[in-house]
Amino acid sequence: MPEIMYIVIPCYNEEEMLPITAKALIEKMDTLIAEKRISPKSKVMFVDDGSKDATWELIYRFHKSCDMFTGLKLSRNKGHQNALLAGLMTAKEYADIIVSMDADLQDDINAIDGFLEKRAEGCEIVYGVRSSRETDTGFKRWTAQSYYKVLSAMGVDIVYNHADYRMMSKRAVEALAEFSEVNLFLRGIVPMVGFKSDIVTYERAARQAGESKYPLKKMIAFAVEGITSLSIKPIRFITALGICIFLVSIIMLIYFLVIHALGRTIAGWTTTVVSVWALGGLQLFAIGIIGEYIGKIYLETKARPKFIIETDLEKEDR
Ligand code: UDP
Ligand code: MG
C-alpha cells in the first residue's frame, strides 16, 4: 500500500505565486499517484499565515474545485516557522509522510522522487539540500554560508545548505511535537529528533513571481533566533572575555604601579579614557547578549500557543 503524502506549504501574501504552484504540484501529485508511489488520498495543504491579499480566497477556491487541495488558515501572521509547524501538526493527523516546502517553487519539486526513494529505504527524515546557490544574490549566498559556519562553530547540529524543504514521517513529526519550545528554529530542532535520515540534493531555482517575504530585517532576526535558541556558547564566550579583560587590567595596574615607583608618571589621560570606553562598550555588549537569553526564557515560561488555527478545511470535510 503506498503511503499518504501531504505537502505542507506556508503562504504569506502569495496570490501571485499560488496558481502557478498549485498547477505544478497537481501535475506532480498525479504522476506520483499514477506510478503508485503515493496513495490517491495524498494532498497539498496550504497554510495561510494571516495573508493580507487574496491568498486564502485562492486556497479556498482550489479546495472547492479539487479534492487534492486542502487549507489551513491561521488567525494572524505568525511567521514562516510557526505556519510550517501548524501545517505539520495538522497534517500528521491525516498523513503517513509529510513534505514541507515554500510556496515559491524555488525548491525543485522533482526532488520528491528522491525523498520517496529514501523513504522506501526506511528513512524517517529526508533533508533537501541545495547543490548550488547560483540563483541567490552574491550577498545572500555569502551571508548564508558564513551563517552556517558560525552555527556549527557554536555547536549547533545543522544540515549544511538545507532550508525547510524536507520529508518527515508521521513518526518523526510526532517526535517533533514533543519539543515544546516557543522560540522556533525548525532546521535546528529537526536534526535533534534523530531516526534514520538522509539527504537529497537539488538545484534551487529563482522565485518565479511575487517577492521574497524575508527582507533583510526578518533575515537578521531569524539568524539571531537560530543562534540564541540553540546555543549558549555566546554567553560562555562573554564570560571568558570578561575574565581575560579582568586579567589584562590587573597586568596594567601592576605596570602603572611599577612606573609610578620609578617616578616616571605622565598624565595617563588617554589610557583612562580609552579603557573607560572600551570596557563600557564590552559591558553593554555582554548585557545585551544576556538580555537576549533572558528574553527567550521569558517567552518560554509564558508558553504561549505558537499558532492558532482559524479554519481547517480538512476537518470541515470529515
Ligand atoms: N512565509 C510565511 N510567513 C511569513 C513569511 C513568509 O508563511 O511571515 C512563507 C512564504 O509565503 C514562503 C516561505 O515562507 O512560502 C518562504 O518565504 P520566501 O520565499 O519569501 O523566503 P526566501 O526564499 O526569500 O528566503
Ligand atoms: Mg523563497
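Residues numbered from 1 in each chain as written. Chains lettered and ligands numbered in written order. Predicted model: local features only at pLDDT ≥ 70, side-chain atom pairs only at ≥ 80, totals over all residues. Heavy atoms only, no water.

### A short note on the site of ligand 1
Item 1. As a structural note, the neighbourhood of ligand 1 is formed by 19 residues, with Glu-14, Asp-49, Asp-104, Ser-212 and Lys-213 the closest of them.
Item 2. Within the side chain of Asp-49, a nitrogen or oxygen atom sits 2.6 Å from a nitrogen atom of ligand 1.
Item 3. With the chains in place, 94% of the 540 Å² that ligand 1 exposes on its own is no longer accessible.
Item 4. Residue composition of the shell around ligand 1, by class: 5 nonpolar, 5 polar and 9 charged. (Near = heavy atom within 4 Å. Polar contact = N/O pair within 3.5 Å; in protein donor to acceptor, adjacent residues only side chain to side chain. Areas by Shrake-Rupley, 256 points an atom, 1.4 Å probe, with all protein chains shown as cover. Nonpolar A, V, L, I, M, F, W, Y, C, P; charged D, E, K, R; others polar.)

### Looking at a nonpolar patch on the surface
Item 1. Where nonpolar side chains cluster on the molecular surface, the patch consists of Ile-243, Phe-246, Leu-247, Ile-250, Ile-254, Val-258 and Leu-262 and spans about 680 Å² of accessible area.
Item 2. Relative to the elements of secondary structure, Leu-247 occurs in helix H9 (residues 233–261).
Item 3. Overall, Leu-247 belongs to the partly exposed group, its relative accessible area being 47%. (Patch = residues over 30% accessible without salt bridge, like charges linked within 9 Å, V, L, I, M, F, W, Y side chains within 5 Å. Salt bridge = Lys/Arg side-chain N within 4 Å of Asp/Glu carboxyl O. Helix = DSSP H or I, 4+ residues; strand = E, 2+ residues; numbered from the N terminus. Buried < 20%, exposed > 50% of the residue type's maximum accessible area, 1.4 Å probe, protein only.)

### Describing the pairing of strand E1 (residues 5–11)
Item 1. Buried residues dominate E1, accounting for 7 of its 7 residues.
Item 2. By the bridge criterion, 4 bridges tie E1 to strand E4 (residues 97–100) in an arrangement that is parallel. Bridge pairing in E4 links Ile-7 to Val-99.
Item 3. Pairing of E1 with strand E2 (residues 43–48), which is carried by 6 bridges, proceeds in the parallel orientation. When the bridges of E2 are listed, Tyr-6 appears paired with Lys-43.
Item 4. Read from E1 through helix H1 (residues 18–34) to E2, the crossover connection turns out right-handed. (Pairing = 2+ DSSP bridges. Right-handed = clockwise from strand over helix to strand, strands pointing away.)

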